[in-house]
Amino acid sequence: MRISLLFHTPLSICVQAGRTCWQSQERGGCYTIPTDEIIQADKDFLDRILNKHKHGSVAEHLTYNFAIEGISRACLQELARHRHASLSVKSSRYTLKELKSEEDVVKNASKYLVMSGNQQVDEFSIQALKNLQTLLLEGISNDLAKYAMPESYKTSLAWSVNARALQNFLILRSSKAALWEIRELAFALFEALPKEHRFLFEGVMNNEGEEK
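Residues numbered from 1 in each chain as written. Predicted model: local features only at pLDDT ≥ 70, side-chain atom pairs only at ≥ 80, totals over all residues. Heavy atoms only, no water.

Draft legend 1. How the structure looks around the layout of surface pockets. Considered as a void within the structure, the largest pocket measures approximately 250 Å³ in volume. In terms of lining residues, the largest pocket is bounded by 13 residues, among which Arg2, Gly70, Lys111, Lys154 and Ser156 are the most central. Per-element accounting of the lining of the largest pocket gives the leading share, 3 residues, to strand 4 (residues 154–162). Classifying every residue of the lining of the largest pocket gives 3 nonpolar, 4 polar and 6 charged. Put simply, the second largest pocket is a space of about 210 Å³. Lining the second largest pocket are 13 residues; nearest its centre among them are Arg73, Leu76, Val89, Lys90 and Thr155. The biggest single contributor to the lining of the second largest pocket is helix 4 (residues 73–80), with 3 residues. (1 Å grid on protein atoms, 1.4 Å probe; cavity = no way out; pocket = protein on both sides within 12 Å on 5 of 7 lines; lining within 4 Å. Points joined across faces, edges and corners; volume = space filled by probe spheres on them. Helix = DSSP H or I, 4+ residues; strand = E, 2+ residues; numbered from the N terminus. Nonpolar A, V, L, I, M, F, W, Y, C, P; charged D, E, K, R; others polar.)

Draft legend 2. Seen up close, the side chain of arginine 19. Take arginine 19: it is sitting in helix 1 (residues 11–22). With sequence-adjacent residues up to four places away left out, arginine 19 is seen in contact with Ser24, Gln25, Arg27, Gly28, Ala41, Asp42 and Phe45. (Contact = heavy atoms within 4.5 Å.)

Draft legend 3. Region of interest: helix 9 (residues 180–192). Relative to the 18 Å expected for 13 residues at 1.5 Å per residue, helix 9 spans 19 Å between its end C-alpha atoms, a close match to the ideal helical length. Within helix 9, the full set of buried residues consists of Trp180, Glu181, Ile182, Arg183, Leu185, Ala186, Leu189 and Phe190. Taken together, the buried residues of helix 9 touch strand 1 (2–8), strand 2 (63–72), helix 4, strand 4 and helix 8 (163–173). (Expected span 1.5 Å × (residues − 1). Buried < 20%, exposed > 50% of the residue type's maximum accessible area, 1.4 Å probe, protein only.)

Draft legend 4. Summary view of the packing of aromatic side chains. One pass over the full model with this rule turns up 6 aromatic pairs. An angle of 90° between the planes, with centres 6.1 Å apart, marks the rings of tryptophan 22 and phenylalanine 45 as edge-to-face. Pair noted here: tryptophan 22 is in helix 1 and phenylalanine 45 is in helix 2 (residues 40–52), with a separation of 23 residues, a long-range link. The exposure class assigned to tryptophan 22 is partly exposed, which follows from its relative accessible area of 39%. Here the aromatic cluster, defined as three or more aromatic residues joined through ring pairs, consists of Tyr64, Phe66, Trp159, Phe169 and Phe201. The lysine or arginine in question, arginine 19, covers the ring of phenylalanine 45, its NZ or CZ lying 4.1 Å from the ring centre. (Phe/Tyr/Trp six-rings, centres within 6.5 Å; stacked < 30°, edge-to-face > 60°. Lys NZ or Arg CZ within 6 Å of the ring centre and 35° of its normal.)

Next up, the structure:
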């Protein structure tokens, strides 16, 4: 799994939105261009209204755009349940082309599959991958063969989310009750955030350990 932050809204935009609600512009800094370098008074202001008082509508002014690579289709389904976000997913036809020409499916299975760590589950996933390649080699079209893809099959996507929805995602998915893979994704997304933004999310992270 690889996570990259492609773009984010500077904190000063959120400060401006929040202080517009409370008509308190004179208490904050003057930012001639959007920036994450906000004064402590504005950082305290955001912490108070977003974390303490939960004025979530202000958090919607902060958006993050991530590139997510190497998650399973099972994890993608869990991610898609968070409807207040936008995602664009890599077409399966491209990886199916790679699979069709793969010379050793078993040896290179991890190129195509997310391994669960459970031997029996992984063996069955690899067998499903071999079956999928057989379909492709027999001339079954990609659009039809993809119905036989295992849930462990890897995919990539672009994911855009605002800070309010991201907080909700991290609350639910950093929990040890979450699917292990999406829990790993939650912590990876947090680590990909700009350090200046992490104070908005630290309080919602569940750092307890868990087992697959």
